[in-house]
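# Residue-level structural notes
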Amino acid sequence: MSDKRFTKDHEWVSVTGTTGIVGISDYAQHALGDVVFVEVPDAGRVLAQGAEAAVVESVKAASEVYSPVSGTVIAGNQAIVDQPGLVNESAEDRGWFYKITLSDPSELGALMDRAAYDSYLKTLE
Amino acid sequence: MTASPDTPILTVPLDTLHRGLGGKMVPFAGYAMPVQYPAGILTEHLHTRTSASLFDVSHMGQVEITGPDCARWLETLVPGDIQGLGIGKTRYTVFTNDQGGIQDDLMVSKLAPDRLFLVINAACKRADFAHMQAMIGDKVSVRMIEDRALLALQGPLAASALAALSPEAAAMTFMSIAEIQIADVACLATRSGYTGEDGWELSVPVTEAEALARKLLDLPGVMPAGLGARDSLRLEAGLCLYGSDIDTATTPVEANLSWIMGKRRRTEGGFPGAAIIQKQLAEGPARLRVGIQPLGRAPARAHTEITDAAGNRLGEICSGGFGPSADRPIAMGYVPAAFAAIGTPLKLVVRGKALDAHVCALPFVPHRYFKG
């Protein structure tokens, strides 16, 4: 999907109106390896941009997922809680982490579009 | 790969092979080592339990001790029964310090009455060698073997796979050592490992290591596996990782490793810290390493705080993570002796939340060694 915006920490947010869907990038899931546990935020939780929003754990290590935008959580994705491997299979689609109502859509301006994120990934190689 | 000048990274003899196989190389104990290959830790772990995997453990130290009474002299440094170890047999033991703490854990094999072979941890090997030289170097010859790689073939299909390259290997039983030919390479083979599975550790000349590793990888059912899988496999097997589960401030009794000390050594002592260890054996230790089963799905990693139901601190997780074969989170930790009984409820403080857990038996996955 072309409307995703990415952070340097490899989260993405896809926005329709003021509703965002948040996940981690395919690059991130690959770097993490086999995901064995995730914790997603509960509905109603208020998150600031950059705040710890979720946890993703591989066999090797635990990592934080930081919210790419500020807002109020609508729902976490129970499917990845039940089946953490879905994050590896489909990080940028079915493996989303949570839906959020954006409180400040202007924050999106500071995030990278797909082309900018791809260029950023090249600098990490 | 670049390394800053003040932290030179050493390479193992199979470095080219690892990179060619797509190994993800990370610094470990001063060496660039493959933490995983493209298959990933989970797959490599499960493959080891169902088939067989080849691990490179060449970063570990290999030492030969030779000379009259070398078993008796080594016993002055370790609490294990080395004099009573049979020729051709291997035993797990530890180096203790004057406080009874563990300086390293190691495998000792007896090749002849006057010839011992030791495998010691990579991060400890220089210190271990200096310690042995200082303490017994004037009584016996202590030689670090620098010209041999160490390969571990582990898994239930290791025996049938290896039989194609060495009919001699299959005759060995768990915790035995033999000098055998594998694909015409002279190997010092022990039927041992650190995964809980049947398998071999093969000490091979550096010059032959890559060719032999390729032959082993060509055997049916054998895949390469990295340090990541090695760690999750040994945790499921309830085996200690030096520096995480045991260290200089932990005695073998506290580490629940009293079984490594036979009756004679317990009675006679004669190793560093013996008085402290004998006192703990007689009176029981204040704290003990136990298996810990988190009851939810969240893994509890090393250094996670362990509390009682009321929130009083009991200790810490020393190793914890997800067990791919157990298919659930698993951990080991230290608790006061009064909380060490199987079934004792505990709380694990993970990201500020007190999660339910209880003390459980080790290992998490049954050992499947070949006892003959």
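Treat the numbers as computed from the prediction; the structure is a model and nothing was measured.

As a further point, take the pairing of strand 2 (residues 11–16) of chain A. Residue and element names in this part refer to chain A. Looking at chain direction, strand 1 (residues 4–6) and strand 2 are connected through three bridges and run antiparallel. Note that in strand 2 the partner of Arg5 across the bridge is Val13. Linkage of strand 1 to strand 2, two consecutive antiparallel strands, is achieved through a turn of four residues, within which His10 is found at a positive phi near 75°. Alignment of strand 2 against strand 3 (residues 19–24), held across six bridges, turns out to be antiparallel. Paired with Glu11 across the strands is Ile24, a residue of strand 3. The hairpin turn running from strand 2 into strand 3, its antiparallel successor, is two residues long, and Gly17 in that turn takes a positive phi close to 65°.

With that out of the way, let us pick up unusual backbone geometry. Residues and elements named next belong to chain B. That bond from Leu362 to Pro363 is cis: its omega, -5°, falls within 30 degrees of zero. Its identity is not glycine, yet Asp184 carries a phi of approximately 65°, on the positive side. In this structure, Asp184 sits in the loop between strand 11 (177–182) and strand 12 (185–190). The phi torsion at Asp327 lies on the positive side, around 55°, for a residue other than glycine.

The next subject is the sheet that holds strand 2 (residues 24–28) of chain B. Residues and elements named next belong to chain B. An order of 1-3-2 is seen for the three strands of this open sheet, with the pairing classed as mixed. Pairing within the sheet leaves two strands with one partner each, and these edge strands are strand 1 (10–11) and strand 2. Where strand 1 meets strand 3 (residues 31–36), two bridges bridge the pair, whose relative direction is parallel. By the bridge assignment, Thr11 is partnered in strand 3 with Ala32. Each of strand 2 and strand 3 touches helix 7 (residues 227–236); the most contacted strand, strand 3, lies at about 65° to it.

With that settled, the discussion passes to the interface of chain B and chain A. Residue-level contacts link 14 residues of chain B with ten residues of chain A. Taken together, the elements giving at least two residues each to the side of chain B that touches chain A come down to helix 2 (41–50), helix 7 and strand 17 (313–323) of chain B. Grouping the constituent residues of the side of chain B that touches chain A by class yields six nonpolar, five polar and three charged.

Reading the values: rules and limits
- Residues numbered from 1 in each chain as written.
- Chains lettered and ligands numbered in written order.
- Predicted model: local features only at pLDDT ≥ 70, side-chain atom pairs only at ≥ 80, totals over all residues.
- Pairing = 2+ DSSP bridges.
- Helix = DSSP H or I, 4+ residues; strand = E, 2+ residues; numbered from the N terminus.
- Contact = placed C-beta atoms within 7 Å.
- Axes fitted to C-alpha atoms, helices over the stretch in contact; angles between N-to-C directions.
- Nonpolar A, V, L, I, M, F, W, Y, C, P; charged D, E, K, R; others polar.

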